[in-house]
Structures are given as structure tokens and as C-alpha cells.
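# Report on the structure
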Amino acid sequence: MTSTLRFIEILALGTWVGGIIFLSFVVAPGAFGVLGSRDQAGTMVGFALGRLHWIGIVAGLVYLVVQIIERRSFASIARPAAIAVVLMIALTFYSQKFVTSRLAELRHEMVSVDATPRENSMRVEFDSLHQWSVRIEGTVLLLGLAGLFLTVRNFSPPHH
């Protein structure tokens, strides 16, 4: 049973971290390099990011549930790897609820981010929120890498 739980734990966190890496280094640059306009690329990346956020939140909750089951204690949430995952979930939820959703509203209101002058108040807000989105996602990635490292490091194979 422990091997199965460990697998689920690492799969959940690894999927989330891998998704962030894939979105950041493949999907986003690819969308901006391949699609016909920066506005289309931004819409595509925003869509993908929203889906990644929900996948991540579910993966994080799965990770925490497995931690609790594996250690038979809610206190397992106080372990460093689990704290990293709790922070990841909180930051991701905040980003989705307040940052990404507002970026989508602004994108809709401006019709074209690229055509909106940089000094326009909506564009100023958009650019600021975009920077916050990048910072939050980077922080979630670093927390995820730390959590994954701590999870794997704390694994001790059964002694025979």
C-alpha cells in the first residue's frame, strides 16, 4: 500500500510541476511565436493557465490527502513538503480567482491588449497583473520543486 501511495503522491506533485514547466517554457513561448497575433497568443496562454491552475489545485489536494492517509494523521500537513504544497494551492487559487480572472476581463474590455496604449489605465493594470501572475507562477514552481525534492528525499525504502 505504501508504494502505491508514494507513487500517487509523486505523480500528483510531479504532474503539477511538469505542467508549470511545460506551460512556461513550451506553450507560452510557442503560442507567442506561432499564432498570428499576440492577442490570440495571450488568450491561448490564459486559457491553458486557467486549466493548469485547476489541475494543480486538484493535484495538490490529492497530494495532501495521500500525506494524511499515509501517515494516518492530519499533523502530516505540518511537514515541510506538505507546507510547500499548501502554499502552492493557496497561491494558485489566489492567482486564478483574482489575477488570471481579472486579466481575462481586462483582455475582453480592451479587445486588443497590443492596440491599447501602454499609458491607458486598463493596460497599466493589465501589465501590472501580468507581472504578478509571472511572479506567483514562478513562486509556485519553486515551491513545487522544493516539495518534490523533500518528498523524494524523505522516502526511505523498506528494510529487508
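A few points on the structure. (Residues numbered from 1 in each chain as written. Predicted model: local features only at pLDDT ≥ 70, side-chain atom pairs only at ≥ 80, totals over all residues. Heavy atoms only, no water.)

Helix and strand counts for the protein stand at four helices and zero strands. When the helices and strands of the protein are listed from N to C terminus, the series reads α-α-α-α. Summarising its shape, the C-alpha atoms of the protein cover approximately 65 × 30 × 20 Å along the three principal directions. Expressed as a percentage of the 160 residues in the protein, the buried residues total 40%. Look at the contacts in the protein between residues 6 or more apart in sequence, and 67% of them connect residues 24 or more apart. Just so you have it, the protein exposes about 9300 Å², and 70% of that area is on carbon and sulfur atoms. Taking the average place of the 13 positive charges on the side chains of the protein and the average place of its 10 negative ones, the gap between the two points comes to 11 Å. (Helix = DSSP H or I, 4+ residues; strand = E, 2+ residues; numbered from the N terminus. Buried < 20%, exposed > 50% of the residue type's maximum accessible area, 1.4 Å probe, protein only. Contact = heavy atoms within 4.5 Å. Areas by Shrake-Rupley, 256 points an atom, 1.4 Å probe, with all protein chains shown as cover. Lys, Arg positive; Asp, Glu negative; His and termini not counted. Charge placed at Lys NZ, Arg CZ, Asp CG, Glu CD.)

With that settled, consider empty space enclosed by the protein. One pass over the structure, following the stated rule, counts one cavity of 30 Å³ or more. Approximately 40 Å³ is the volume attributed to the largest cavity. If you go around the largest cavity, the residues you meet are R6, Y63, Q67, R71, R79, A81, L150, T151 and N154. Taken together, the elements giving at least two residues each to the lining of the largest cavity come down to α2 (38-71) and α4 (121-153). By residue number, the principal contributor to the lining of the largest cavity is α2, which donates three residues. By residue class, the composition of the lining of the largest cavity is three nonpolar, three polar and three charged. (1 Å grid on protein atoms, 1.4 Å probe; cavity = no way out; pocket = protein on both sides within 12 Å on 5 of 7 lines; lining within 4 Å. Points joined across faces, edges and corners; volume = space filled by probe spheres on them. Nonpolar A, V, L, I, M, F, W, Y, C, P; charged D, E, K, R; others polar.)

The geometry of helix α3 (residues 80-110) relative to α4 is characterised by a closest axis approach of 9 Å and an angle of 160° between their N-to-C directions. When the axis of α3 is compared with that of α4, the two are roughly antiparallel. For the element pair α3 and α4, the recorded crossing hand is left-handed. Each residue belonging to the contact of α3 with α4 can be placed in one class, and the counts come to 18 nonpolar, eight polar and five charged. (Axes fitted to C-alpha atoms, helices over the stretch in contact; angles between N-to-C directions. Parallel < 35°, antiparallel > 145°, perpendicular 65-115°, else oblique. Left-handed = near helix turned anticlockwise from the far one by under 90°.)

Direction vectors running N to C along helix α1 (residues 2-34) and α2 enclose 170°, while the axes themselves pass 9 Å from each other. Judged by the inter-axis angle, α1 sits roughly antiparallel to α2. Two packed elements cross with a definite hand, and for α1 against α2 that hand is left-handed. Tallied by class, the residues present in the contact of α1 with α2 amount to 23 nonpolar, six polar and five charged.

Our next topic: a nonpolar patch on the surface. A cluster of nonpolar side chains, namely I21, F22, F25, V26, L142 and L145, defines an oily patch on the protein surface of about 600 Å² accessible area. Those elements that place two or more of their residues in the nonpolar patch are α1 and α4. Of the residues forming the nonpolar patch, the biggest block, four residues, is contributed by α1. Judged by relative accessible area, V26 falls into the partly exposed class, the value being 44%. (Patch = residues over 30% accessible without salt bridge, like charges linked within 9 Å, V, L, I, M, F, W, Y side chains within 5 Å. Salt bridge = Lys/Arg side-chain N within 4 Å of Asp/Glu carboxyl O.)

Below, the discussion takes up the side chain of R107. Mapping R107 onto the fold places it in helix α3. In contact with R107, other than residues within four places in its own chain, are G42, T43, V113 and F126.

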